[in-house]
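Structural overview for review
This is what each chain is made of:
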Amino acid sequence: MHQSLIVVENVHCASVSESVVFLVVSSPSLNTGVSVLKPLAARRRSGVRVQGREMKRLTWFALAFTLIATGFAAKTPYQAVLQHSRIRGRSHGPNVCAMQNIQGSDKKYFTNCKQWYHRKICGKPTVVTYECCPGYEKVTGEKGCPAALPLVNIYKTLGVIGATTTKMYSERANLQEEIEGPGSFTFFAPSNEAWAALPTEILDALVSNVNIELLNALHYHMINKRLTSDDLKHGASFPSMYQDLNVHIQHYSNGVVTVNCARLVKTDQHATNGIVHVVDRVITAITNNVNSLIDTDDDLDTLRTAVAAAGLTSLLENEGSYTIFAPTNEAFEKIPPETLTRILGDPLALKDLLNYHILKSLHCSESIVAGTPMETLQGTVLEVGCDGEEMTINGKAIVTQRDKLGTNGVIHYINELLIPDSAKTLMELAEGSVVTTASKLFKDAGLTDHLIGSEAVTLLAPLNDAFKDKSLAMTPDMKKLLRNHILKERFSSKNLYHGQELETLGGVKLRVFVFRNSLCIENACIAADDKNGRFANMFIINKLLTPPMGTVMDLLKADDRFSTLVGIIQRAGLTELLNKKGTYTFFAPTNAAFSAMPPADLSKLMRNPKELANLLKYHIGEEFLVSGAVTSHTRVTPLTGDKLELGTRNTTVYVNRVPVVEADLMATNGVVHAVDVIVKPLPPKIVSDQAEGSTIRRTSAVWAGSQVMKNGVYALLTNCFSHINAIRVIFHNLHVIVLK
């Protein structure tokens, strides 16, 4: 067994600053591959000291280890956030938990890492309060919450934990004797605020006939066995003590636990005859599936008709665990009649539309504490989030009624129809995105029929920013150009390959260029994910296409800015090169670039064709490169000389620090980028001997081990308790850092 001592001072973990010494024990006999760290009393040892960057690295590790240990110890997501809250609260004494209270409301949550550092829940700022963890109480004159709550029967426990209204109604409904007597019960006790939130007419109906309705209601909150929070598994159902009707449990990955969509706000309050969990609302018996709920609600008439037409009735009747965002009649009425008629008359589009409103898993509103992408039955995702008290979908507060629970799912009512891309025409895809300028131009060019019909085409739609400083007049040339933005076939960008040719409605063949970080069609690069419509697809591109009109030499001859360059090319004997087939990138000096040269230098250069040729070849790259593919430290190999270094700043491309004044002049055998300065080689970079020496002195083993640790700990802190397997790698490699 190998042991190493690591001293880590001032470890900041869970709001605690302390000095820690870890004994690292790595043994071949341990088959877990995880090193064991044993904290020792902090003390000075001669010859053992960690400073500088190594000190910082180990401090990170100590913080990570504390959180890792917490993650491994937690049995459930709820226990994970509870333990994290304990860590955050421990500086205030034993058994103190940090709670995050949303400002302006009475909602409190145990905290996880993300919420702790962001100090926000549902987009609203939170205030951290420190309270006794479940099962403990304060003692006068002592720090923290050192005393366990008295273990008494359920009836008395209700009073101890502050559920006094439930205690009062238990007495009034003649339930007191039962929950004082022998047994082993689980009581989901509504908080005082939950009773107060009940509509007056419902509460009056319950308490006016206390021996029947109120008793039945309370019995539905009870299970005839003891269930701790660990036993409340996600998706579980348990028979209640009211006619054995089930209560439905959801235990979410963020630590939120619900029963019939009521959040457990105080859990695991033990009693001599059971356990009490305080919930934030009064729950009611669930007997109908979600299809029955839709069938019996007049506000969902249109949805009911659509579900039947799409053949989804059996899905919503069978067993499952769905979340349905149910559009009301009002939501359907907001859609243009022609669009609604088209979708309702198209079985595939209608099915996609409805499946886009159904999540694959059940999500009560109380489970949402931040925006989260959730997969739908249609196959794409919805961003389900919250903004204060409002539940949001794709950032919009369109949920009007929440948590109508059925036996196989939950319904949230929405006042706006969600139309997936797969149910839209090309025109609808364009009008609802960042290419509205292009959409209008396509209409003005008389291309609407191609964009609203069932034609299998691909639209290349430039971003709105691509039209800045450009004339939008609908000239014959503009109409011709726009026709070349529609491909004759339906393509997916995932299937495009380098050198592929795509034919447009205008008969032009456009080339595909695949770069390391970009996928481009001629000069325009794809700027977003594909938009896949009902019959056709749309690629969003970063600029207007400019199809090639001739060779590089043809292009230069047709542009007066390059008249001097054309003469020099001819004098240097490079005309044939720039006319023949190839994939050249030419950083072409304009007349201004040659005018800026000292006359004597230019005259000397013109007298030496070989030197002229070398100069021009240094401006010509061997590989095709458009501006959209240029990133920092991009390099191009010229026909002669050292590599050209490219970069971008504020959308301008630079070659050897020379700005490109106009990029992407497309030719059949390459691309031209205009420059107003002659491009010269960059001065050699000077590497500091001191820096080089310090790098050599660092051993490769220590560097590799510390990098693994640093990267792994960063990932851990980002996700807190996720990806625990990755942490095993960190522990396994910890023995690399041995301080002697």
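Definitions and cut-offs
Residues numbered from 1 in each chain as written. Predicted model: local features only at pLDDT ≥ 70, side-chain atom pairs only at ≥ 80, totals over all residues. Heavy atoms only, no water. UniProt positions renumbered as here; feature names shortened; annotations may be inferred. Axes fitted to C-alpha atoms, helices over the stretch in contact; angles between N-to-C directions. Helix = DSSP H or I, 4+ residues; strand = E, 2+ residues; numbered from the N terminus. Parallel < 35°, antiparallel > 145°, perpendicular 65-115°, else oblique. Left-handed = near helix turned anticlockwise from the far one by under 90°. Contact = heavy atoms within 4.5 Å. Nonpolar A, V, L, I, M, F, W, Y, C, P; charged D, E, K, R; others polar. Pairing = 2+ DSSP bridges. Phe/Tyr/Trp six-rings, centres within 6.5 Å; stacked < 30°, edge-to-face > 60°. Lys NZ or Arg CZ within 6 Å of the ring centre and 35° of its normal. Disulfide = S-S within 2.5 Å. Buried < 20%, exposed > 50% of the residue type's maximum accessible area, 1.4 Å probe, protein only.

The name given to the protein in an unreviewed UniProt entry is Transforming growth factor-beta-induced protein ig-h3, with the source organism recorded as Cyprinus carpio. Quoted verbatim from the Subcellular location (unreviewed entry) heading of the UniProt record, the comment on the protein is "Secreted, Extracellular space, Extracellular matrix". Under the UniProt heading Function (unreviewed entry), the note attached to the protein is "Plays a role in cell adhesion. May play a role in cell-collagen interactions."

Focus: the packing of helix α21 (residues 563–572) against helix α25 (residues 609–618)
Running from N to C, α21 and α25 point in directions that differ by 120 degrees, and their axes come no closer than 8 Å. Relative to α25, α21 is oriented oblique. Viewed along their axes, α21 and α25 form a crossing whose handedness is left-handed. For the pair α21 and α25, contact is made by L565, I568, I569, R571 and A572 and by P609, L612, A613 and L616, respectively. Per-class residue counts for the contact of α21 with α25 are eight nonpolar, no polar and one charged.

Digging into the sheet that holds strand β22 (residues 399–406)
Spatially, β18-β17-β23-β22 is the arrangement adopted by the four strands of the open sheet, whose pairing is mixed. Every interior strand has two partners, whereas the edge strands, β18 (358–359) and β22, have only one. Pairing geometry for strand β17 (residues 322–327) and strand β23 (residues 409–414), over six bridges, is parallel. In the sheet register, I324 faces β23, and the bridge partner there is I411.

Focus: the packing of aromatic side chains
Taken as a whole, this structure holds four aromatic pairs when the rule is applied. Judged by centre distance (4.8 Å) and plane angle (65 degrees), the ring pair of Y169 and W195 falls under edge-to-face. Of this pair, Y169 sits in helix α5 (residues 164–172) while W195 sits in helix α7 (residues 192–196); the two residues are 26 residues apart in sequence, bridging distant segments of the chain. Three or more aromatic residues link up through ring pairs in this structure, and these residues are F513, F515 and F624. In this structure, R119 packs its charged tip against the face of W116, placed 4.2 Å from the ring centre. When the ring centre of Y654 is taken as reference, the NZ or CZ atom of R649 above it lies at 4.4 Å.

Concerning the state of the cysteines
Throughout the structure, instances matching the rule amount to five disulfides. In this model, C97 is linked to C133 through a disulfide, with the two sulfur atoms separated by 2.0 Å. Because the torsion about its S-S bond is 110 degrees, the bridge between C97 and C133 counts as right-handed. Placement of C97 in strand β4 (residues 96–102) and of C133 in the loop between β7 (124–132) and β8 (136–137) is noted, with a sequence separation of 36 residues between them. Here C122 is linked by a disulfide to C386, with a sulfur-sulfur distance of 2.0 Å. Taking the torsion about the sulfur-sulfur bond, which here is approximately -90 degrees, the covalent link between C122 and C386 counts as left-handed. With a gap of 264 residues between them, C122 in the loop between β6 (120–121) and β7 and C386 in strand β20 (residues 381–387) connect regions that are remote in the sequence. Here C122 and C386 have matching classes, each one buried.

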